[in-house]
Amino acid sequence: MEKLRELLNELVNEKLSKLILSNPVDSGKGSKLTVRPLLIKGELCYQETLYRDNKVFHYNTAREEIIERMMLYMEDNFRQAEIVSGEYQAVVLISKKGKITVRKKLLKKDGSQKPRQGTGTPQTHNRTKRYILEEGKPVDFLVGLGVQTPDGQIVKAKYDKFRQINRYLEFIEDVLRKLPVDRPLRIIDFGCGKSYLTFAMYYYLHELKQYEVQIVGLDLKADVIDRCNSLAQQYGYTGLHFERGDISSYDCAHPVDMVVSLHACDTATDYALDKAVRWNAKVILAVPCCQHEVNRQIENKELGPILKYGFIKERLSALLTDGIRANLLEEMGYETQILEFIDMEHTPKNLLIRAVKREGMRAKGGDIRKLTDFLHVETTLQKLFEEEH
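Residues numbered from 1 in each chain as written. Predicted model: local features only at pLDDT ≥ 70, side-chain atom pairs only at ≥ 80, totals over all residues. Heavy atoms only, no water.

This next bit is on the pattern of salt bridges. Overall, the coordinates contain 16 salt bridges when judged by the stated rule. The closest approach of N and O atoms between R183 and D257, which form a salt bridge, is 2.6 Å. Of the two residues, R183 is situated in the loop between α4 (159-174) and β9 (185-190) and D257 in the loop between β11 (240-244) and β12 (258-265); the sequence distance between them amounts to 74 residues. The exposure class of R183 is partly exposed, given its relative accessible area of 31%. (Salt bridge = Lys/Arg side-chain N within 4 Å of Asp/Glu carboxyl O. Helix = DSSP H or I, 4+ residues; strand = E, 2+ residues; numbered from the N terminus. Buried < 20%, exposed > 50% of the residue type's maximum accessible area, 1.4 Å probe, protein only.)

Take a look at the structure:
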């Protein structure tokens, strides 16, 4: 492990732009870990982010301690490290027998292998955010939808929408490796509405990442669908099409790789999730809205003292609804996370369910039924899964 320590001592400094530990022996101890330099009140430190059991843990520490922590993580669980710092890129591999291989190279001067963060400069808590869709660079659909001015500046009243779009693209970026590359991607966007995020998804996948993609946006409003189709034609987005239709009755004759459902009201989210599972979609992204079903049913003597407060009952019911949905998706073979979509200050509908299909994975059922029995509730998604699957 001395080679690893020497490498960390050399590359973990203020020029560090990428440090990722992966390939865990036990994903229960963590599936991935990242490190980045950070300036807090003018002091350089390092922020460690550990992904474990659908949760994310952050830890800020000094340089000496972060090196020791990385050594322990590599000894105990992770078998691969990728480091980019200044002009160098290094990869560390640890075999099952404990043999360590270190590969270090100089980054090309033409920039083709430059670190993703670009400068390697420590980030600060009040820094300017680097977005996937950058400020100052006009994008046709953002200009057309009134988010940007023709010269690429963000319209002040639309800045929250701009942040939301970029946050959404980050969620997609995280699961790109799960999507096929040998054929066109097929994506269904249920309840697309004005389609800010649908256009963003197409632009990101097709224009920036060069995927061949076919996206269908579905909504009930005919005028919205007509406008979206007109804009798609105007921008030359030939793989993007919008249709008028209802989630529960919609069907698709082709395999579907990803299903998106953003702010579908109440049980419409459940029908979208059910469709995705029946189609064996690789990725599901859902931002539920207006979760009334559990609120109408929930009844529990032990919880009675807090359920008598309408606001608490409504908020608790919404959280329980999404927790039940996430567990049901896990039972159907999906690795499921509940993530923060955008800051709570902008909208209370800020939870995103992200589910990724894992072949051969099927969690044990039963526990979620004990919970729903305890609460005296039965959700639409439970019924749909029991009927169809």
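Overall, the prediction assigns the chain a mean pLDDT of 85, with 89% of residues at 70 or greater. Confidence over residues 110-119 falls short of pLDDT 50; this stretch has 13 contacts with residues more than four positions distant or in other chains. For residues 343-347, every residue scores under 50 in pLDDT, and the model assigns this stretch five contacts once sequence neighbours within four places are set aside. (pLDDT = per-residue confidence, 0-100. Contact = heavy atoms within 4.5 Å.)

Of all six residues that make up β9, five are buried, and the element is covered over most of its length. Pairing of β9 with strand β10 (residues 213-219) involves six bridges; the strand directions are parallel. Looking at β10, one finds that F190 is bridged to L218. As a crossover connection, the stretch from β9 through helix α5 (residues 196-208) into β10 is right-handed. Inspection of the sheet shows β9 paired to β12 by four bridges, in the parallel sense. (Pairing = 2+ DSSP bridges. Right-handed = clockwise from strand over helix to strand, strands pointing away.)

Evaluation of the coordinates by the stated rule reveals 15 aromatic pairs. For the pair F141 and F199, a centre-to-centre distance of 6.3 Å together with 15 degrees between the ring planes defines the contact as stacked. You can see F141 sitting in helix α3 (residues 140-144) and its partner F199 sitting in helix α5, a full 58 residues away along the chain. For the pair shown, F141 and F199 are each scored as buried. Aromatic side chains Y250 and W279 sit 6.4 Å apart centroid to centroid with 80 degrees between the ring planes, which places their arrangement in the edge-to-face category. Placement of the pair is Y250 in the loop between β11 and β12 and W279 in the loop between α7 (268-278) and β13 (283-289), with a sequence separation of 29 residues. Judged by relative accessible area, which is 12%, Y250 ranks as buried. Joined through ring pairs, the aromatic side chains of F141, F199, Y202, Y203, Y235, Y237 and F242 make up one cluster. Here the basic side chain of K32 rests over the ring of Y51, its NZ or CZ set 4.9 Å away from the ring centre. (Phe/Tyr/Trp six-rings, centres within 6.5 Å; stacked < 30°, edge-to-face > 60°. Lys NZ or Arg CZ within 6 Å of the ring centre and 35° of its normal.)

It is worth spelling out helix α2 (residues 63-76) at this point. Here α2 is 14 residues long and its end C-alpha atoms lie 20 Å apart, about the 20 Å a rise of 1.5 Å per residue gives. By the burial criterion, the buried members of α2 are I66, I67, M70, M71, Y73 and M74. Seen from one end, α2 has its buried residues packed into an arc of 165 degrees, which puts them on one side. In this structure, α2 carries E64 and L72 as exposed residues pointing more than 90 degrees from its buried face. (Expected span 1.5 Å × (residues − 1). Arc of directions from axis to C-beta.)

Okay, the packing of helix α10 (residues 310-331) against helix α11 (residues 367-375) next. Across the interface, α10 lies against α11 with an axial gap of 10 Å and an inter-helix angle of 155 degrees. What the angle tells us is that α10 and α11 run roughly antiparallel. Between α10 and α11 lies a crossing whose hand is left-handed. On α11, the residues that touch L320, I324, N327, L328 and E331 of α10 are I368, R369, L371, T372 and L375. Each residue belonging to the contact of α10 with α11 can be placed in one class, and the counts come to six nonpolar, two polar and two charged. (Axes fitted to C-alpha atoms, helices over the stretch in contact; angles between N-to-C directions. Parallel < 35°, antiparallel > 145°, perpendicular 65-115°, else oblique. Left-handed = near helix turned anticlockwise from the far one by under 90°. Nonpolar A, V, L, I, M, F, W, Y, C, P; charged D, E, K, R; others polar.)

Turning our attention to the side chain of Q291. Locating Q291 in the fold gives a position in the loop between β13 and α8 (293-297). What makes Q291 buried here is its relative accessible area of 10%. Side-chain polar atoms of Q291 contact the side chain of D322, separated by 3.0 Å. (Polar contact = N/O pair within 3.5 Å; in protein donor to acceptor, adjacent residues only side chain to side chain.)

Okay, the sheet that holds β11 next. Here seven strands make up an open sheet; going across it, the order is β11-β10-β9-β12-β13-β15-β14 and the pairing mixed. Each end of this open sheet is capped by a strand with a single partner; those strands are β11 and β14 (334-340). Sheet twist, expressed as the mean angle between neighbouring strand axes with direction ignored, is 15 degrees. Sheet topology note: the β14/strand β15 (residues 351-357) ladder contains seven bridges and is antiparallel. Within β15, the position partnered with E340 by the bridge is L351. Relative to the sheet, helix α6 (residues 222-235) contacts β10 and β11, its axis offset from that of β11 by approximately 165 degrees.

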